[in-house]
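Per-entry structural report
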Amino acid sequence: MKWGMPVMMRSRFFFNSSVIRQDLRQHGWIGIIYSLGLIFALPLQLFLSNDPNPERRSVDNLFFIGGEIQMLFSVTVPVAAALFLFRYLQAKAPSDLWHSLPLRREHLLVSHTVSGLILVLGPVWLTAAVTGMVRALDGNMYIYSWADVGIWCLTLTILTLFLFIFSMFVGICTGQSVLQGVVIYILLVLPAVLLMLVNEHFSMYLYGYPAWYGSRGRSEVWSPLMHMIYVKTNPFTAGYLWLYSVLSVLLFGLSFLLYRKRHVEKTGQAIAFTYFNPLFKAGVMLCAMLISGTYFAHLRQQQLGWMIAGHLIGALIGYIAAEMLIRKTWLILTRKAPLEFAGYAALLGLVLYIPVSGLTGYENRVPAADQVVGVYAGDRYAAYGAYWNDEFSPKGEDPLTADRDYIEAVRKLHQEMVSARPEHRQGMNYREFSLVYKLDNGRTLNRTYLVPAVGFEPELRTVMESEGYKRKAYMLSRLDGDIEGFRLSNYTRALSISDPQEVTEFKDILKREILNMTYEDQTDDERSYAGVQSMGKPEETGYQLYYNYDWRASFKELTAWLEQKGYAEKVRTNPLDFSSVEIVPNDYFSRFTGNDRYDPERHLELARSEDRAAEITDTEAISDILEHTHYYSASGGGYLVKLAYREGRVDYVILREEDLTPAIKAVLP
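Below or above, wherever it landed, is the structure these notes cover. Along each chain, residues carry numbers from 1 onward, in the same order as the chain's sequence is written. pLDDT decides what is reported in this predicted model: residues at 70 or higher carry local features, side-chain atom pairs at 80 or more are listed and counted, and totals for whole chains, interfaces and linings draw on all residues regardless. Note that the side-chain values use all heavy atoms of the structure and ignore hydrogens as well as water.

All right, on to the overall build of the protein chain then. For the protein chain, the count of helices and strands is 25 helices and 14 strands. Throughout, the radius of gyration refers to the C-alpha atoms, and the reference size of a globule is 2.2 Å times the residue count to the power 0.38. Rg of the C-alpha trace for the protein chain: 33 Å, well past the compact-globule value of 26 Å for 669 residues, more than 25% over. Dimensions of the protein chain, computed from C-alpha atoms along their principal axes, come out at roughly 110 × 75 × 55 Å. Partly exposed residues are those whose accessible area sits between 20% and 50% of the maximum for their type, while under 20% is buried and over 50% is exposed, using a 1.4 Å probe and protein chains only. Put simply, the protein chain has 669 residues, and 47% of those count as buried. Whether two residues are in contact is decided by their heavy atoms: any pair within 4.5 Å suffices. Once local pairs closer than 6 in sequence are excluded, the contacts in the protein chain between residues at least 24 apart make up 75%. Accessible surface for the protein chain amounts to roughly 34400 Å². Of this, 59% is attributable to carbon and sulfur atoms. Working definition: helices are DSSP H or I runs of at least four residues, strands are E runs of at least two. Numbering for both runs from the N terminus. In short, Shrake-Rupley with a 1.4 Å probe defines the accessible areas, and a residue's cover is counted only from the protein chains shown.

If you want it as structure tokens, here you go:
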């Protein structure tokens, strides 16, 4: 007796080697194409470069080398292998032939699975071996280790395995090869698409729902296909690899069980198991309802009638499409069809309505003070990288503040927003606030509101004048770290401060100025004198972090320090920078329509025609204007000032009534 498993036992309980040899003879070209594709996408790319004088450089992730080409083959070949190997399930003649052989279905399934794994995993391992062996060859422009090759091989092995098993599972559940291919890719992207649709649905109907999480979050991780496409910027972690490994095992187990129950006569049918039909109909209808309902709600500004009609239209389209696919005909109208449609529509309507109804208490939920251990308020929560890995986010910094007074101030703002629920009106100023609570049970409560500038001043003042708010909103932690210098810039002017003593003084003053800002300082639209960029010391990776602040007119101590050092005049705009300065009343908004309302030049033209424009040449008046300039707003009142610079640039600013000095009043039209 030879070593190993006896042939009879292997054939009886596991697989049939003849079937595997036949598969390899018939479909071996799949493995050859996959091998050539991966070798072209990785080992060959190591030696190709457009740079005539290339230098070897380190790379931590081999997916950075031809990642898109790698994934082009990886997301198509395993699916194609499953389609061809299990093609016999979808055609009557091959199905009759294979199922008439003296082989149990378990033999067929395992044999074809082994054949497929040889075809799709062999090229991955071959490519990994070649990539490892060419590491030290001359001409290889990248430096990497065997461990990097191992990680690449393991990642692609698991992803290839998952895609093949998943495609095989879909093939067993469907009865048409074309439908199998379409359903495979739809299901691979469906989780991410469904997440976006549900996020949009919640953001429309749930007051305070933080829609930014779904829209700006890395939703591609919910879709295996999209995650593979974006693998260069969002690599697969160990958790994801474990997840896809477990899913592969589960799907193979389900395939094993379902294949034993699959009827041969289901060949050619859309869905091989009738008990999947309700789930298929409901899924198609739900997606269609979300898409149609969202579309009509946006199109008609969330009018109730259009929203309901949009969902009903989507439900009808989804039901008709699902029925036609299942029955393979457009003649689907039967006596029970209207009743069935009504039942599905009512059930799915409840599924969509209940989460956004008042039954959940979502909109009125404000956590009790003793349940909150940390809070964040502001519009930059995403910048802390709290939800996803962002190499430019301040890693390791907790965006939450545990100060009890600050927590109570944020809670009061939250309660006021929940009670008042202010309507959004055109022309009003709003400030976006994300309120994030860390609760004592470890959970997080997120809400996002557009808070009107008018009517909520007491609550906003308490929050925005808190030290906790300023430290997080203006990211003062960047100033607490190692700073090499500061760069002040104002269009064509720039100045660097690098002397360690001056850097320390500047940093301390800037922090004091920010922490001393009042509510009015933070909400005023006054233009800054110059931008301030902090330059941190390079990190271990060599990347140097920057962060931007403003040199505001309200920063009196900072202005005095810069003037004392002689830096202010090198950066700040002065009256000699202008070739002309023109001023007109800013009250022409209502006399224009369309885009002309927001075109300052059109306002100036009309003012000149009415002799309401004045040229300012007095240096003192121009200096006074520069001290009190605000960002241009067509309907803001005051005076519109056109600043024409000598270098040809033109700028438009607003001067308020209360900022008029005697020198300016003397030249007003």
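For the rest of this paragraph, the subject is the pairing of strand 14 (residues 650–655). Counting buried positions over the 6 residues of strand 14 gives 5, a clear majority of the element. Pairing analysis gives 2 bridges linking strand 12 (residues 630–631) to strand 14, with the strands arranged antiparallel. Looking at strand 14, one finds that H630 is bridged to I654. In sequence, strand 13 (residues 639–645) turns back onto strand 14 through a hairpin of 4 residues, with G648 there showing a positive phi of about 105 degrees. Paired strands, as defined in this entry, are two strands with at least two bridges between them according to DSSP.

So, about the side chain of T573. Its location among the elements puts T573 in the loop between helix 22 (568–571) and strand 10 (578–585). The class of T573 is buried, set by a relative accessible area of 18%. Apart from residues lying up to four places away in sequence, T573 is in contact with N490, R493, F578, L626 and Y645.

Quick look at the pattern of salt bridges now. Salt bridges are defined as contacts in which a side-chain nitrogen from Lys or Arg sits within 4 Å of a carboxyl oxygen from Asp or Glu. The final tally for this structure, using the stated rule, is 28 salt bridges. When the shortest N-O distance is used, the salt bridge between R327 and E323 registers 2.8 Å. With R327 and E323 both in helix 13 (residues 304–327) and 4 residues apart, the pair spans about one turn of that helix. Looking at E323, the relative accessible area reads 2%, which means it is buried. Where salt bridges share partners, they join K281, E323, R327 and E340 into one cluster.

This part covers a nonpolar patch on the surface. Only residues whose relative accessible area exceeds 30% and that take part in no salt bridge are eligible for patches, with like-charged residues grouped when within 9 Å of each other and nonpolar side chains (Val, Leu, Ile, Met, Phe, Trp, Tyr) grouped when within 5 Å. A cluster of nonpolar residues, W242, L243, V246, L247 and L250, forms a patch on the protein surface that exposes about 510 Å² of accessible area. Tracing the sequence through the fold places L250 in helix 11 (residues 238–261).

Here we take up the sheet that holds strand 4 (residues 430–439). Pairing in this open sheet of 3 strands is antiparallel, and the strands run 3-4-5 from one edge to the other. With partners counted over all chains shown, the strands left at the sheet margins are strand 3 (372–378) and strand 5 (444–452), one partner each. The mean inter-strand angle of the sheet, taken between neighbouring strand axes irrespective of direction, is 15 degrees. Where strand 4 lies against strand 5, 9 bridges are found, and the strand directions are antiparallel. In the strand pairing of strand 5, S434 is matched with T448. Structural elements are reduced to axes, namely lines fitted to C-alpha atoms, with helices fitted over the stretch in contact, and the angle between N-to-C directions of any two is expressed from 0 to 180 degrees. Packed on one face of the sheet, helix 15 (residues 404–420) meets strand 3, strand 4 and strand 5 and runs near 65 degrees to strand 3. Its contacts with the sheet put helix 16 (residues 457–464) on strand 3, strand 4 and strand 5, and the angle it makes with strand 4 is roughly 60 degrees.

Let us look at helix 19 (residues 500–515). Residue pairs spaced three or four apart in an α-helix point in one direction, given the helix's 3.6 residues per turn. For helix 19, built from 16 residues, the straight-helix expectation of 22 Å at 1.5 Å per residue is met to within 8% by its first-to-last C-alpha distance of 23 Å. Those residues of helix 19 not exposed but buried are E502, V503, F506, K507, I509, L510, K511, E513 and I514. Expected helix span is computed as 1.5 Å times (number of residues minus one).

Moving on: the packing of aromatic side chains. Each Phe, Tyr or Trp ring, with Trp reduced to its six-membered ring, pairs with another whose centre is within 6.5 Å; inter-plane angles below 30 degrees give stacked pairs, above 60 give edge-to-face pairs, and intermediate values give tilted ones. Counted according to the given criterion, the structure contains 27 aromatic pairs. Here the aromatic rings of Y275 and F276 are separated by 5.3 Å at their centres, their planes lie at 85 degrees, and the arrangement is edge-to-face. With centroids separated by 4.7 Å and ring planes inclined at 45 degrees, the aromatic side chains of F486 and F506 adopt a geometry described as tilted. Of this pair, F486 sits in strand 6 (residues 483–490) while F506 sits in helix 19; the two residues are 20 residues apart in sequence, bridging distant segments of the chain. For the pair F486 and F506, a shared accessibility class is recorded, and that class is buried. Through a chain of ring-to-ring contacts, three or more aromatic side chains come together here, namely F162, F166, F236 and Y244. Lying over the aromatic face of Y529, R572 brings its terminal NZ or CZ to 4.9 Å of the ring centre. Charge over a ring is defined by NZ of Lys or CZ of Arg lying within 6 Å of the ring centre and within 35 degrees of the ring normal.

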